[in-house]
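An overview of the molecular structure
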Amino acid sequence: MPTQLQSRAQPPTFGGGTGAHIALEGVSRTYSARNGAEVQALAEVSLRAGAGELLAVVGPSGCGKSTLLELLCRLQSPDRGSISCPPAVLMPQHDLLLPWLSALDNAALALRIAGAKRAQARARAEGLFVELGLAGFQHARPHELSGGMRQRVAFLRTLLSGKPVLCLDEPFGALDAITRAEMQEWLAGTLAGEPRTVVLVTHDVEEAILLADSVVVLSPRPGRVVAQLEVELARPRRRTDGDVIALRERALAILATGSQS
Ligand code: ADP
């Protein structure tokens, strides 16, 4: 059965009618450090993503990936350039689950903050627990969960925010290789059932190719877009597929040389 992710929804028009769901034009961001020095994180970044697409952003450490997500979520403003993006929610690198709340109440937190009554919020969260592979863990405290399970709860909380755009910052960065592979499969399956526009920051090029519709490669700091690769491969994708390997090698070469040639 085709998923909504595969049969892309028509993007709405907004913010000047660009036709894209997310559009950045010439975005730059410079931080002023305490000692007065300036650190330019992003330089002239332009990129686009359609509704329901998963856009992966890869690049070396410190090239402005987290800054990019914070800009999309309006937690910061660009110094230059324009950003068109529907309401977006950030899932930060660390899960930030509250240790004194159950998994269910942690997942329901976004709904509670938005004003939902406790029983209502719990009922909505509980409905997705089975779908997200969390059945039976409703009453567990975060310290009783594995790293992968904690990320599932954190993702569910992000999903329940109801925002159309999810910004995921290295969601599987702290997981071991086997759990990471399981979680990549899980995320692809979850998004097939609960489609959203997703911007996924990862340092793992293979993860980007396995999951994304499009991969933006950033240069070392200040992050500039070196390439935006379309990943027009059928799903589900396997890391051993020839096409996946070829695209991974291409993206790695672009990362290593900083150019497309
Ligand atoms: P990435 O996520 O790719 O590792 P970041 O967006 O976190 O990169 O950071 C980009 C650069 O900006 C880094 O050099 C980082 O040290 C610097 N930076 C990030 N936040 C701040 C800040 N609040 N003040 C000063 N420099 C910052």
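Everything here concerns the structure above.
Report on the accompanying structure. (Residues numbered from 1 in each chain as written. Predicted model: local features only at pLDDT ≥ 70, side-chain atom pairs only at ≥ 80, totals over all residues. Heavy atoms only, no water.)

All chains considered together, the criterion is met by 13 salt bridges. Here D95 and R150 are joined by a salt bridge, their closest N and O atoms 2.7 Å apart. Of this pair, D95 sits in the loop between β5 (88-91) and α2 (103-107) while R150 is found in helix α5 (residues 147-159), placing the two residues 55 residues apart along the sequence. What makes D95 buried here is its relative accessible area of 12%. Because the salt bridges share partners, they merge into one network encompassing E206, R239, R248 and E249. (Salt bridge = Lys/Arg side-chain N within 4 Å of Asp/Glu carboxyl O. Helix = DSSP H or I, 4+ residues; strand = E, 2+ residues; numbered from the N terminus. Buried < 20%, exposed > 50% of the residue type's maximum accessible area, 1.4 Å probe, protein only.)

Let us look at unusual backbone geometry. Here the amide bond leading from R221 into P222 is cis, since omega sits at -5°, within 30 degrees of zero. Structurally, P222 can be placed in the loop between β8 (214-218) and β9 (225-230). For R74, which is not glycine, the phi torsion reads 60° and is therefore positive. With respect to the helices and strands, R74 occurs in the loop between α1 (65-72) and β4 (80-84).

Taken together, the neighbourhood of the ligand is formed by Y31, V39, A41, P60, S61, G62, C63, G64, K65, S66, T67 and R221. For the ligand, an oxygen atom lies 3.1 Å from a polar atom in the backbone of C63. Measuring from an oxygen atom of the ligand, one finds a backbone N or O atom of G64 at 3.1 Å. Protein burial of the ligand: of its 560 Å² of free accessible surface, 62% is covered by the chains. If you list the elements that add at least two residues to the shell around the ligand, you get β2 (38-49) and α1. With three residues, the top contributor of residues to the shell around the ligand is α1. Per-class residue counts for the shell around the ligand are five nonpolar, five polar and two charged. (Near = heavy atom within 4 Å. Polar contact = N/O pair within 3.5 Å; in protein donor to acceptor, adjacent residues only side chain to side chain. Areas by Shrake-Rupley, 256 points an atom, 1.4 Å probe, with all protein chains shown as cover. Nonpolar A, V, L, I, M, F, W, Y, C, P; charged D, E, K, R; others polar.)

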